[in-house]
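Fold and contact review
In case you want the letters, here they are:
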Amino acid sequence: MLSSQAIKKSAASALKQQSRLFSQNNNLLQAKSLKETFKDIYPAKAAAIKEFKKQYGDVVIDQVKLSQAYGGMRGIKSLVWEGSVLDPVEGIRFRGLTIPEVTEQLPKFGADSPCPEALLWLLLTGEKPSMEQTKLLSKDLASRSELPKHTTDLLDSLPKDLHPMAQFSIAVVSLESESKFSKAYAAGVNKGEYWDYAYEDCLNLLGKLPAIGARIYSNVFHEGKLNNLKADPNSDYGKNLAHLLGFENNENFTELMRLYMTIHSDHEGGNVSAHTTHLVGSALSSPYLSFAAGLNGLAGPLHGRANQEVLEWLFKFKEAVKGDYSKESIEKYLWETLNAGRVVPGYGHAVLRKTDPRYTAQREFALKHFPDYDLFKLVSAIYQVAPEVLTKQGKTKNPWPNVDSHSGVLLQYYGLTEASFYTVLFGISRAFGVLPQLILDRAYGMSIERPKSFSTEKFMELVTKNQK
């Protein structure tokens, strides 16, 4: 039987706990939501952009070479993208913050990794959220996680040998039935309200992506055994994703998911998945249709699917060198790869001219959590040799590793070994970068994208005329 002193102590402890919970909930209630914050700040920004266009609309900002027209419009300054800017030497900056600064300054749910919810807030508003605001957004996303029955039925009916990225795109398109933007547009809503409905679609889509990805993972690789798992409304995005994939009570894997979602989210607007999402959205297609189009671009081996190819190449590399990670052995295999007319996957980048900061972030994570992992040792050994070999070959403008050369290794270590699923994770994270821009495009009234094209004969005529 408890003494009166013990009862008083227990009651005091319970009261203290209750008070703390009340204080936390009160903070959440008082904190402005992401939507409220954006609604407050975007009108002034939209007005500033309108005035900027009016004053400087005729200023020439770039000259286009014929080689750029034939080279995939590489480097042409012609696209507005607010969330991030990619510098060839400095690397990516999210609203002005480098990856190390994002890691240091944004709220965290775990020990080390930034959380994608906070980055979403930053990319949309340009402001860093408080912890209370981040928790509020986390709860909001979790509350939107349930999939409609027709989407789960559709996913369950797809052939298991259909690539996970194709299944991912199909599932996102099926959510068009839920689009508030499409319904509002059909009802004749004022275009000044487009952003509001686009916002709801984007947040709903973000909330549902972990459930879509996890169902694909379960159906294709685990015979549907994980399909009974549900998102926890009190868990953050990274933790829910880890849980839905079956990695319960693995805090390090959860930390990896938070890091992975953050650093893969945005990489300027000119990459295929970002540009495609923006392009389709510029026709006032819903965020669901726009993002599905971006996913189809991300699925290509020259874009998001590269992480799968890197891992497949690493396993062949490992088998060929048979544990000999000496400089001589690695250099020999690299030259064999290049001399056979193949590329070294995971090296080079369209814009960067240094080691990708996203690669560095993943390397630091690996050094902390599994420095002795054999596959990590191989990646590290290649990192010491490949830049020199590629520089000697002389065909690669950037001989340094990119994000894809490392991401699969981290996932392999924790037991997520199915390489064909990796691009789905990339797709979930890329949503955090491209969907805020869709909201901004609607808020700022951005025009449909329509560049001018010429035939080769017409370009010949123009070049000849200019030379004369």
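First, a word on what this report is: a plain description of the structure on this page. As the structure is a prediction and not an experimental result, all values here were calculated from the model.

Calculation criteria
- Residues numbered from 1 in each chain as written.
- Predicted model: local features only at pLDDT ≥ 70, side-chain atom pairs only at ≥ 80, totals over all residues.
- Heavy atoms only, no water.
- Phe/Tyr/Trp six-rings, centres within 6.5 Å; stacked < 30°, edge-to-face > 60°.
- Helix = DSSP H or I, 4+ residues; strand = E, 2+ residues; numbered from the N terminus.
- Buried < 20%, exposed > 50% of the residue type's maximum accessible area, 1.4 Å probe, protein only.
- Expected span 1.5 Å × (residues − 1).
- Arc of directions from axis to C-beta.
- Contact = heavy atoms within 4.5 Å.
- Core = buried A, V, L, I, M, F, W, Y, C linked by side-chain atoms within 4.5 Å.
- Axes fitted to C-alpha atoms, helices over the stretch in contact; angles between N-to-C directions.
- Parallel < 35°, antiparallel > 145°, perpendicular 65-115°, else oblique.
- Nonpolar A, V, L, I, M, F, W, Y, C, P; charged D, E, K, R; others polar.
- Pairing = 2+ DSSP bridges.

A few words now on the packing of aromatic side chains. All told, the structure shown has 24 aromatic pairs when counted by the stated rule. Here Phe370 and Tyr413 contribute two aromatic rings whose centre-to-centre distance is 4.0 Å and whose plane-to-plane angle is 20°, an arrangement assigned as stacked. Here Phe370, found in the loop between helix 17 (357–369) and helix 18 (374–393), pairs with Tyr413, found in helix 19 (residues 404–413); they are 43 residues apart in sequence, far enough to count as distant. Given a relative accessible area of 3%, Phe370 falls into the buried group. One aromatic cluster in this structure is built from Phe247, Phe253, Phe370, Tyr373, Phe376, Tyr413 and Tyr414.

Compared with the 18 Å implied by 1.5 Å per residue over 13 residues, the 18 Å span of helix 16 (residues 327–339) between its first and last C-alpha is a close match. Turning to helix 16, its buried residues number three or more, namely Ser329, Ile330, Tyr333, Leu334, Thr337 and Leu338. Considered in projection along helix 16, the buried side chains sweep an arc of 165° and stay on one side of the axis. For helix 16, the exposed residues set more than 90 degrees away from the buried face come down to Glu328, Lys332 and Asn339. Against helix 15 (306–321) and helix 18 lie the buried residues of helix 16. Immediately beyond the C-terminal end of helix 16, within one or two residues, lies Gly341, with a positive phi of roughly 85°.

Counting 112 residues, the largest nonpolar core has Phe168, Leu209, Ile212, Leu245 and Leu416 as its most contacted members. Once residues within four sequence positions are removed from consideration, Ile212 is found in contact with Leu147, Leu155, Phe168, Ala171, Val172 and Leu175. Of all hydrophobic cores here, the second largest spans 5 residues; its members include Phe181, Ala184, Val189 and Tyr194.

Our focus in this paragraph is the environment of Val64. Tracing the backbone through its elements, the reader meets Val64 in the loop between helix 2 (34–56) and helix 3 (66–70). On a C-alpha basis, the gap between Val64 and Ala118 in space is 37 Å, while along the polypeptide they are 54 residues apart.

Before going further, it helps to spend a moment on the packing of helix 8 (residues 164–174) against helix 14 (residues 287–298). Remark: helix 8 packs on helix 14, axes separated minimally by 8 Å, with the N-to-C direction vectors making an angle of 170°. In this view, helix 8 runs roughly antiparallel relative to helix 14, as classed from their interaxial angle. Note on element contacts: helix 14 touches helix 8 through Tyr288, Leu289, Phe291, Ala292, Leu295, Asn296 and Leu298, opposite Met165, Phe168, Ser169, Val172 and Val173. Its residues placed into classes, the contact of helix 8 with helix 14 shows 10 nonpolar, 2 polar and no charged.

Moving on, we get to the environment of Val409. Here Val409 lies in helix 19. Among the residues examined, Val409 registers a relative accessible area of 1% and is labelled buried. Apart from residues no more than four positions distant in its own chain, Val409 is found in contact with Leu311, Leu314, Tyr373, Leu375, Phe376 and Val379.

In this section: the pairing of strand 2 (residues 91–94). Across 4 bridges, strand 1 (residues 84–87) lies against strand 2 in antiparallel orientation. From the neighbouring strand, Ser84 faces strand 2, where its bridge partner is Phe94.

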